[in-house]
Amino acid sequence: MEAADDADLRRIVVAIDGPSGSGKSSAARGVARRLGLRYLDTGAMYRAVTWWALHAGVAVDDADTLAARCGEPVIEVDTDPTAPRVTVDGIDVSRPIRSREVTNAVSLVSAVPAVRQRLIARQRELIGDGGIVVEGRDIGTVVAPQAHVKVFLTADEDVRARRRAAEGLAGMRVEVDLTRREMARRDRLDSKQMMKASDAVVLDTTDLDLDQVIDEICALANERVGACGQR
Ligand SMILES: Nc1ncnc2c1ncn2[C@@H]1O[C@H](COP(=O)(O)OP(=O)(O)OP(=O)(O)O)[C@@H](O)[C@H]1O
Ligand SMILES: Nc1ccn([C@H]2C[C@H](O)[C@@H](COP(=O)(O)O)O2)c(=O)n1
């Protein structure tokens, strides 16, 4: 990317949304690193509440109790793209929140309106005056509709499952068919929260490698960076 004005870059908000396994985290981190921006993984925050519920003995299908108690855990997020970290009550949960147990429960927790309200407020605080790449499901529509760059990442379901299975969940190799079924289930449950903004650029990553995706998003940021002072 050509050198953009530093002051404008410090205000930019790049929103990346899309289904599970479409490459949001990898792309968002890569863009943030390349442009010297902060990085916020909002899914990690929903995962952190889910991890807390599982450990606090709160049933993840008990929406009323989740709504009443979701303010209890203190969730801290480090927005450094070289070392993103999430803690719950001071415990580093960056790895355990990727476990299969959390992954299969998180959609129930993230569907609870009180949980969303609380985390969205925190996400907006973290976005602050910008200089950040934020990824999730509702960033361009709900969390930061003012974002200067909005990207909706997609990829063929089979390709997403293969990429995810190759990576494994928290270090365990898992088979592609099972991964595909679990991802499809999660996308179905998340469909109410996942929204493509009408002004988002749709980027299908099926045939793109990660560097190409990062290049495309950085090019969009470069085009829009001049508008950062105007919003
Ligand atoms: N363009 C790409 N080409 C090849 N592999 C990719 C690409 N983008 C991401 N990956 C790989 O696909 C896997 C899933 O990517 P990533 O975790 O970034 O997706 P995600 O959309 O954030 O998923 P989730 O919503 O489930 O957290 C990772 O192993 C990542 O390295
Ligand atoms: N802005 C967001 C981010 C995430 N979620 C939900 C949907 C996912 O199932 C879960 C975990 O996200 P992931 O780490 O897989 O990106 O959190 C949401 O509702 N809104």
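Scoring rules and cut-offs
- Each chain carries its own residue numbering, running from 1 in the direction its sequence is written.
- Chain letters and ligand numbers both follow the written order, the letters beginning at A and the numbers at 1.
- A pLDDT threshold of at least 70 governs which residues receive local features in this predicted model, and a stricter bar of 80 or more applies before side-chain atom pairs are shown or counted, although totals over entire chains, interfaces and linings include all residues.
- Excluded from the side-chain calculations are hydrogens and water; all other atoms, namely the structure's heavy atoms, are used.
- To define a nonpolar core, start from buried Ala, Val, Leu, Ile, Met, Phe, Trp, Tyr and Cys residues and group those joined through side-chain atoms within 4.5 Å.
- Only protein chains enter the area calculation, which uses a 1.4 Å probe; residues under 20% of their type maximum are buried, those over 50% are exposed, and those in between are partly exposed.
- Here a helix means four or more residues in a row that DSSP labels H or I, a strand means two or more in a row labelled E, and each is numbered from the N terminus.
- Any two residues whose heavy atoms approach within 4.5 Å are treated as being in contact.
- The convention used is that axes are lines fitted to C-alpha atoms, helices contributing only their stretch in contact, and that angles between N-to-C directions extend from 0 to 180 degrees.
- In these notes the angle categories are as follows: under 35 degrees is roughly parallel, over 145 is roughly antiparallel, 65 to 115 is roughly perpendicular, and the rest is oblique.
- Each crossing gets its hand from how the near helix is turned against the far one by less than a right angle, where anticlockwise is left-handed and clockwise is right-handed.
- Polarity classes work like this: nonpolar for Ala, Val, Leu, Ile, Met, Phe, Trp, Tyr, Cys and Pro, charged for Asp, Glu, Lys and Arg, and polar for all others, with Gly in that last group.
- Note on terminology: near, applied to a residue and a molecule or strand, indicates that one of the residue's heavy atoms is within 4 Å of it.
- As used in this structure description, the phrase polar contact means that two N or O atoms lie within 3.5 Å; if the pair is within protein, one of them must be able to donate a hydrogen and the other to accept it, and residues adjacent in sequence are counted only when both atoms belong to side chains.
- The accessible surface values rely on the Shrake-Rupley method and a 1.4 Å probe; as for residues, cover is taken only from the protein chains in view.
- Paired strands are those between which DSSP finds at least two bridges.

Caption draft 1: Representation of the nonpolar core. In this structure, Leu40, Trp51, Ile75, Val86, Val88, Val115 and Ile127 are the most contacted members of the largest nonpolar core, which totals 37 residues. Where this core is concerned, the elements lending two or more residues are β1 (13-17), α3 (42-56), β3 (75-78), β4 (85-88), α5 (100-110), α6 (113-127), β6 (132-136) and α7 (139-143). If one sorts the elements of this core by residue count, α3 sits on top with eight residues. The residues touching Trp51, leaving out its near neighbours within four places in the chain, are Val88, Ile91, Val93, Pro96, Ile97 and Val102. In terms of nonpolar packing, the next biggest core, distinct from the first, is built from 23 residues, Leu9, Ile16, Ala32 and Val133 among them.

Caption draft 2: Summary view of the side chain of Asp187. Structurally, Asp187 can be placed in helix α9 (residues 176-190). If sequence neighbours within four positions are ignored, Asp187 has contacts with Pro19, Ser20 and Arg160.

Caption draft 3: A look at the packing of helix α2 (residues 24-35) against helix α10 (residues 210-224). Across the interface, α2 lies against α10 with an axial gap of 9 Å and an inter-helix angle of 55 degrees. It follows from the interaxial angle that α2 and α10 lie oblique. The handedness of the crossing between α2 and α10 comes out as right-handed. In this structure, α2 contributes Ser26, Ala27, Gly30, Val31, Arg34 and Leu35 to the contact, and α10 contributes Leu210, Asp211, Val213, Ile214, Asp215, Ile217, Cys218 and Ala221. Of the residues in the contact of α2 with α10, the class split is nine nonpolar, two polar and three charged.

Caption draft 4: Quick look at the site of ligand 2. Close contacts around ligand 2 come from 15 residues, with Arg47, Arg116, Asp138, Arg186 and Asp190 the closest. Within the side chain of Asp138, a nitrogen or oxygen atom sits 2.8 Å from a nitrogen atom of ligand 2. Within the side chain of Arg186, a nitrogen or oxygen atom sits 2.7 Å from an oxygen atom of ligand 2. Protein contact buries 97% of the 450 Å² of open area that ligand 2 shows by itself. The leading source of residues in the shell around ligand 2 is α3, at four residues.

Caption draft 5: Representation of the sheet that holds strand β2 (residues 38-41) in the model. With respect to topology, five strands assemble into an open sheet ordered β2-β6-β1-β7-β8, the strand pairing being parallel. Bordering the open sheet on either side are β2 and β8 (201-204), each of which pairs with just one other strand. Going from strand to strand, the sheet's axes swing by 20 degrees on average, the running direction of each strand aside. Inspection of the sheet shows β1 paired to strand β7 (residues 149-154) by four bridges, in the parallel sense. Looking at the pairing, Asp17 lines up with Phe152 of β7. Of the strands in this sheet, β1, β7 and β8 are in contact with α10, which crosses β7 at around 160 degrees.

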